[in-house]
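The residues making up each chain are set out below.
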Amino acid sequence: MGFCSLGQMNGSLFARFVTRAGLPGDASLCQVVNAVQAIPYGRPGARTADGVIGEWKGTCSTKHALLARLLGERWPESQPRLVHRVYRVSRSSVLQRYGGGAAGAVPADGLTDVHRYLVMTLAGQEVTIDITFPGDQAWDGRRSMCLACGDGHDFPAGDDPDAEKAALEASHCDPQVREPFIASLALASSLSRPI
């Protein structure tokens, strides 16, 4: 059993993703990155790569987990690595980027959040990818993208990225403040989507 049958290939995460995204089976790396970015922002009930495909929505954690799995399956030479950034969110930065509704969920003195993004190797260089929000600048296929978070302290993810992110959230974030903020980002993102 050293080969995959066509039926097994069609069941792959990559095959399911390109079908759901309306991409060709031979979609390019750039097409896949931008298609994951185009998925609406919102927390899926199943906080997994499969949950993103099934519910067609995701957060920084789930969309980057999906992208890492897609890259690992289709372009393993890209060596996708997840990174978590602990950073401070200010009301003014959220007001500028997401509007008053989201800014209203940020306390006057700000809040601490943990953001997930991805780093991959492309032509021997490290490239940073952040596909959290559909309305952000699409990836050009070559250069690093801007992160959807502020400056902070980065923690490369290991073997269990979800547990590691949860541990960072538990030690740095107040869930009673963070959860309404995440919900406000989902609402702001849905309101900014074209009809």
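Rules used in this analysis
Residues numbered from 1 in each chain as written. Predicted model: local features only at pLDDT ≥ 70, side-chain atom pairs only at ≥ 80, totals over all residues. Heavy atoms only, no water. Phe/Tyr/Trp six-rings, centres within 6.5 Å; stacked < 30°, edge-to-face > 60°. Helix = DSSP H or I, 4+ residues; strand = E, 2+ residues; numbered from the N terminus. Lys NZ or Arg CZ within 6 Å of the ring centre and 35° of its normal. Salt bridge = Lys/Arg side-chain N within 4 Å of Asp/Glu carboxyl O. Buried < 20%, exposed > 50% of the residue type's maximum accessible area, 1.4 Å probe, protein only.

### Examining the packing of aromatic side chains
- Summed over all chains, the structure comprises 4 aromatic pairs.
- When the centroid spacing of 4.6 Å and the interplanar angle of 35° are considered together, the rings of Tyr 41 and Phe 133 count as tilted. One end of the pair, Tyr 41, is in the loop between helix H3 (29-38) and helix H4 (49-55); the other, Phe 133, is in the loop between strand E3 (125-129) and strand E4 (152-156), with 92 residues separating them in the sequence.
- An aromatic cluster is built from Tyr 41, Tyr 98 and Phe 133, whose rings are joined through pairwise contacts.
- When the ring centre of Trp 75 is taken as origin, the NZ or CZ atom of Arg 74, which lies over that ring, is 5.4 Å away.

### Side note on the pattern of salt bridges
- In the structure shown here, the tally under the stated rule is 13 salt bridges.
- Residue Arg 43 pairs with Glu 179 through a salt bridge whose shortest N-O separation is 2.5 Å. In this pair, Arg 43 sits in the loop between H3 and H4 while Glu 179 sits in helix H9 (residues 175-191), placing the two residues 136 residues apart along the sequence.
- What makes Arg 43 partly exposed here is its relative accessible area of 26%.
- When the shortest N-O distance is used, the salt bridge between Arg 81 and Glu 126 registers 3.0 Å. Here Arg 81, found in strand E1 (residues 81-89), pairs with Glu 126, found in strand E3; they are 45 residues apart in sequence, far enough to count as distant.
- Residue class for Arg 81 comes out partly exposed when judged on its relative accessible area of 27%.
- Among the charged side chains, a salt-bridge network with shared partners connects Arg 43, Asp 113, Lys 165, Glu 169, Arg 178 and Glu 179.

### A closer look at the environment of Gly 99
- Checked against the element boundaries, Gly 99 lands in the loop between helix H6 (91-98) and helix H7 (100-103).
- Between the C-alpha atom of Gly 99 and that of Ser 184, which follows or precedes it by 85 residues, the distance is 10.0 Å.

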